[in-house]
Amino acid sequence: MNGYCSVTEYNTDGVQIQDSKLKIAMKLDKVPNSLGRPQGLGSVVSTTRFMQYGKVTARIKTGSRSPGVVSAFIVRNEEPGDEIDFEIVGRDPTEAQTNFYYHTPPYMTPDLVDYSNAGKTPLGLNTAQDFHDYEIEWLPDHISWKVDGRVVRSVFRNQTKDDALIVDPATGLKAKRFPSTPARIQFGIWDGGQGSNGTASWAGTPTDWSKPDQTYEIQIDYVDIQCYYGGNATQTWPPAGYGPTKVHDGPYITPGLDNTSGGEGEIHEPIRPFIPFYKNAKLMVPTGCLLGFALVVVSTVEVVRRRRLARVRWE
């Protein structure tokens, strides 16, 4: 969900736990967007903790029932702006869109963003009609995207472009433009059909807002996280007293949030407004996941520990 050329906003009102599933909704915004077009107001759910390398599998039913509706499953960070994603666009909900970005922070101008890493794969099924398993396997030497256990695309580090600005001092070789920095897991839904012309053409247009109460919804049944690094000790997350107790914009005090090396008690001003809205979440995480894992949702979240594996189920 690299929306550098799109005009879209998000809110937290469309997120709920219902029928043991995480549901993220998009409804018509009350005001037109900056292009003067009616546009949906979507939502994003993000981890507050980072991981680096591993497998993330999510069982998802997309909300891409209309042209323009984009359902997204992403591994991303704001700085330096690495991203790996699955996106299903309403223009063709039977097709998986896969992409990765290297060092594209949100303030980067669109003309500097490398959009050449996108891929498309026909799935032979309608992603908005039923649940399917989507997996991002992110390892130091490759990325693989899978749907229902089938590899739909693979990218190898040694085949990616060189970064002319960074040289490995150990080898003297140029770094590769391959995502390699700790990132968060995100799920979201947004309206691309009413955005800029390029985004609208990609997502499909126009988005169907013929009914004022129209709602589009992505549903997540569960998330599996298998970390690449070892370390199988388990800890309860968040600890007592961690994080905000109510919805607010910040600045706010959270140890390590938005900064992988942040110390306890630091105040962090995120680049984009980030609203934490979990309360009293219960989470068991393997410490092999860099900095652990905590999901930002209004609910009780349980993660069952396995060997280097965390499974999130919604209750």
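Here the residue numbering is sequential within each chain, running from 1 through the sequence in written order. The predicted origin of the model limits local features to residues at a pLDDT of at least 70 and limits the giving and counting of side-chain atom pairs to 80 or more, whereas totals for whole chains, interfaces and linings rest on all residues. Where side-chain values are given, they derive from all heavy atoms of the structure, hydrogens and water being excluded.

(A) Representation of the nonpolar core within the structure. Throughout, nonpolar core names a set of buried Ala, Val, Leu, Ile, Met, Phe, Trp, Tyr and Cys residues whose side chains join them through atoms within 4.5 Å. Three labels apply to residues, based on accessible area from a 1.4 Å probe with only protein chains included: buried if under 20% of the type maximum, exposed if over 50%, partly exposed otherwise in between. Core analysis: the biggest nonpolar cluster contains 39 residues, and Ile24, Phe73, Phe86, Trp138, Trp145 and Phe187 have the highest contact counts within it. Counting residues per element, this core draws most heavily on strand S16 (residues 215–227), at 6 residues. Strands are runs of DSSP state E lasting at least two residues, helices are runs of H or I lasting at least four, and both sets are numbered from the N terminus onward.

(B) Layout of the sheet that holds strand S8 (residues 95–101). Strand order in the open sheet made by the 6 strands is S4-S15-S6-S7-S8-S9, with antiparallel pairing throughout. Two strands lie at the open edges of the sheet, namely strand S4 (43–46) and strand S9 (119–122), each paired on one side alone. The mean inter-strand angle of the sheet, taken between neighbouring strand axes irrespective of direction, is 15 degrees. In this scheme, strands are said to pair when DSSP sees at least two bridges between them. By the bridge criterion, 5 bridges tie strand S7 (residues 83–89) to S8 in an arrangement that is antiparallel. The partner of glutamate 87 across the bridge, within S8, is glutamine 97. For every element, the axis is a line fit to its C-alpha atoms; helices are fit only across the contacting stretch, and the angle between N-to-C directions ranges from 0 to 180 degrees.

(C) Representation of empty space enclosed by the protein. A pocket here means an open set of points on a 1 Å grid, computed over the protein atoms alone, that has protein on both sides within 12 Å along at least five of seven lines. A cavity is instead a set of points where a 1.4 Å probe fits but cannot get out; residues with an atom within 4 Å of a point line either one. Grid points are joined across faces, edges and corners, and a volume is the space filled by probe spheres set on the points. Evaluation of the coordinates by the stated rule reveals 2 cavities of 30 Å³ or more. There is about 50 Å³ of room inside the largest cavity. Around the largest cavity sit Ile60, Thr62, Ser71, Ala72, Phe73, Phe86, Glu87, Ile88, Tyr134 and Ile218, which together line it. Those elements that place two or more of their residues in the lining of the largest cavity are strand S6 (69–76) and S7. Gly counts as polar in this scheme, as do all residues outside two lists: the nonpolar Ala, Val, Leu, Ile, Met, Phe, Trp, Tyr, Cys and Pro, and the charged Asp, Glu, Lys and Arg. Of the residues contributing to the lining of the largest cavity, the split by class is 7 nonpolar, 2 polar and 1 charged.

(D) Main features of the packing of aromatic side chains. Working definition: rings of Phe, Tyr and Trp (its six-membered ring) pair if their centres are within 6.5 Å, and the pair is stacked with planes under 30 degrees apart, edge-to-face with planes over 60 apart, and tilted otherwise. Counted under the stated rule, the structure contains 8 aromatic pairs. Between the aromatic rings of phenylalanine 73 and phenylalanine 187, the centroid separation amounts to 5.2 Å while the plane-to-plane angle is 15 degrees, which identifies the pairing as stacked. Of this pair, phenylalanine 73 sits in strand S6 while phenylalanine 187 is found in strand S15 (residues 184–191), placing the two residues 114 residues apart along the sequence. Judged by relative accessible area, which is 1%, phenylalanine 187 ranks as buried. We call a charge positioned above a ring when the Lys NZ or Arg CZ atom is no farther than 6 Å from the ring centre and deviates by at most 35 degrees from the ring normal. Here the basic side chain of arginine 153 rests over the ring of tryptophan 145, its NZ or CZ set 4.9 Å away from the ring centre.

(E) Fine view of the pattern of salt bridges. Salt bridges, as used here, are contacts in which a Lys or Arg side-chain nitrogen is within 4 Å of a carboxyl oxygen on Asp or Glu. Scanning all chains against the criterion turns up 9 salt bridges. One salt bridge in this structure joins glutamate 78 and arginine 76, with 3.5 Å as the shortest N-O distance. Between glutamate 135 and lysine 146 there is a salt bridge whose closest N-O contact spans 3.5 Å. One end of the pair, glutamate 135, is in strand S10 (residues 132–139); the other, lysine 146, is in strand S11 (residues 142–147), with 11 residues separating them in the sequence. There is no split in this pair, since glutamate 135 and lysine 146 are both buried. Residues participating in the shared-partner salt-bridge network are Arg76, Glu78 and Glu83.

(F) Here's a closer look at the environment of histidine 142. As for its position among the elements, histidine 142 is in strand S11. Along the chain, histidine 142 and asparagine 158 lie 16 residues apart, while their C-alpha atoms are 8.4 Å from each other. Here a polar contact means two N or O atoms within 3.5 Å. Within protein one must be a hydrogen donor candidate and the other an acceptor candidate, and residues neighboring in sequence count only if both atoms are side-chain atoms. A distance of 2.8 Å separates polar atoms of two side chains, one belonging to histidine 142 and the other to glutamate 137. A distance of 2.9 Å separates a polar atom in the side chain of histidine 142 from a polar atom in the side chain of aspartate 141.

(G) Region of interest: the pairing of strand S13 (residues 162–167). When S13 meets strand S14 (residues 174–176), the two strands line up antiparallel, connected through 3 bridges. From the neighbouring strand, aspartate 163 faces S14, where its bridge partner is alanine 175. Counting the residues in the hairpin turn of S13 and S14 gives 6 residues, including glycine 172, whose phi is positive at 75 degrees.

(H) Fine view of the side chain of serine 144. Take serine 144: it is sitting in strand S11. A contact between two residues is defined here by any heavy atoms of the two lying within 4.5 Å. If sequence neighbours within four positions are ignored, serine 144 has contacts with Glu135, Ile136, Glu137, Arg153 and Ser154.

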